[in-house]
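What the coordinates show
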Amino acid sequence: MNRYHVWTVGCQMNKADSERLGAGLEQLGLVWTPKAKDADVLILNSCVVRQNAEDRVVGMLTSLKPWKESNPGVTLALMGCMVGPKSDELRARFPYVDVFMAPQQFEPLIRLVGDKAGIDPDGCVGPLVPGHPNVTTHVPIIHGCDKFCTFCIIPYRRGREVSRPLDELVEECHKLVARGVREVTLLGQNVDSYGHDLPGAPDLADLLEAVHDGVPELVRIRFLTSHPNDMSERIIDAVARLPRAMECINLPFQAGSDEVLSSMRRGYTNAQYRELVARVRASVPGVAMVTDLIVGFPGETETQFEDSLAMVQDLRFDKVHAAAYSTRPGTIAARKLTDDVGHEEKQRRLHAIEAVQESVLTEINAGYLGSTQEVLVDGRSRGRWQGRTRTDKLVFFDDERDLLGRLMQVRITKTTPWSLQGHLDEAPA
Ligand code: SF4
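Quantities reported herein were computed from a predicted structural model and do not represent experimental measurements.

1. Structural notes on the site of the ligand
Around the ligand sit C145, K147, F148, C149, C152, I154, P155, Q189, N190 and H227, and those are all the residues in its vicinity. Here the residues of the shell around the ligand are counted per class, giving 6 nonpolar, 3 polar and 1 charged.

2. Looking at the pairing of strand β4 (residues 75-80)
Most of β4 is tucked away, with 6 of its 6 residues classed as buried. You can see the chain leave strand β3 (residues 41-46), run along helix α2 (residues 51-70) and come back into β4, and the turn it takes is right-handed. Bridge analysis of β4 against strand β5 (residues 99-101) gives 3 bridges, and the strand direction is parallel. Paired with A77 across the strands is V99, a residue of β5. Each parallel crossover has a hand, and the one from β4 via helix α3 (residues 88-93) to β5 is right-handed.

3. Concerning the packing of helix α8 (residues 204-214) against helix α9 (residues 233-241)
For any two helices packed against each other, one specifies the inter-axial angle together with the distance between the axes. It is the contact of α8 with α9, at a shortest axis distance of 8 Å, that shows an interaxial angle of 25 degrees. As summarised for this structure, α8 and α9 are arranged roughly parallel, according to the angle between their axes. In contact with L204, A205, L208 and E209 of α8, α9 contributes R234, I235, D237 and A238. Grouping the constituent residues of the contact of α8 with α9 by class yields 5 nonpolar, no polar and 3 charged.

4. Overview of the sheet that holds strand β17 (residues 420-424)
The sheet built from 5 strands closes into a barrel, its strands ordered β13-β14-β15-β17-β16 with mixed pairing. Strand-to-strand, the axes of this sheet are offset by a mean angle of 55 degrees, without reference to chain direction. Pairing geometry for strand β13 (residues 372-381) and strand β14 (residues 384-388), over 5 bridges, is antiparallel. Counted as the bridge partner of G379 is Q386 from β14.

Cut-off values and rules
Residues numbered from 1 in each chain as written. Predicted model: local features only at pLDDT ≥ 70, side-chain atom pairs only at ≥ 80, totals over all residues. Near = placed C-beta within 6 Å. Nonpolar A, V, L, I, M, F, W, Y, C, P; charged D, E, K, R; others polar. Buried ≥ 20, exposed ≤ 12 C-beta atoms within 10 Å, placed from the backbone. Helix = DSSP H or I, 4+ residues; strand = E, 2+ residues; numbered from the N terminus. Right-handed = clockwise from strand over helix to strand, strands pointing away. Pairing = 2+ DSSP bridges. Axes fitted to C-alpha atoms, helices over the stretch in contact; angles between N-to-C directions. Parallel < 35°, antiparallel > 145°, perpendicular 65-115°, else oblique. Contact = placed C-beta atoms within 7 Å.

Structural data, given as structure tokens:
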């Protein structure tokens, strides 16, 4: 039993969890294998935030049944948001799964693998820091969410907010740098509420400063996802002030209509959101704004949808993650509201948002033409180097040398709504 594979769907938090579980398994002597069916220990890290994500997990679980039955010695684990506090129903539905683990609950699998290998995990599994991280990686800083937006299943699956100690996070960043990491994204469902539950109540601004000053080898620091009600002046000021904090803020608005926002229990109005974006832009010149929104929320009228469309048109976001509403059993919306906007209509609204956003991005990205951008090179794609600007724009360029992890100056020669292309403006620093 020496090969493992983690199959992951869902958000960056799930990907970070998968990396950390992998680190624990490697401390027990397992090695990663790229193919799921070659693994002796296979973990599915699941997501239920939308119906299509849950359908993918169920499809994968179903397809693995014959494999597991003909390989009874392998260990199959289901982790993540599909596993709530109670897993009885899942156990009955998928009896061939050996272990069920809620998000971040790595211990049952670590213990099982340790027992099978005759190793006591208590003595030999240290802090779970990814062993082979990418040049850019994610660091979970706060788990769970206290907001209970009516459409969202996350608080029921990931629990209430629990922040990780500031010193532990700085130490983890040191370890990541020693493993080749150049950029970290500090991660939370609501990253702006970091620290309120810790002694002395440090906030995200304190953490940004501690990582910035304490780990100078990190060339870039990002964070996501923010909540409009918790994005404080101190956080905005930290982004403006700290040279290696990137000018990119992910601030979901979810709906443009005040009635829909109230029905979602988001806790702010259209005007308050617009005012916050204006304040961020005034304080952080050139900042890129990213947002999430839902179309077809229960009761959303055409006029209310047009309020969302107007937000996308007016606020000129650098990225919009738009999704059609899907009912998540157990949420407040599932219990109290009727999913009354039809599938076709949701798709029409989604396409309308995408069309507006494409034209906004065509204009925004055209503004980069002829400029020179600082790009952190994070990989190769189709024979070309790729990296990101400070504002998280994807850039492609050609060069024969090994530039992975290098900060390069790239002159932008071509733009599309989705990426930029260019050539090096100087030799590597
Ligand atoms: S802030 Fe709202 S949408 Fe975000 S994770 Fe918490 S409950 Fe879900």
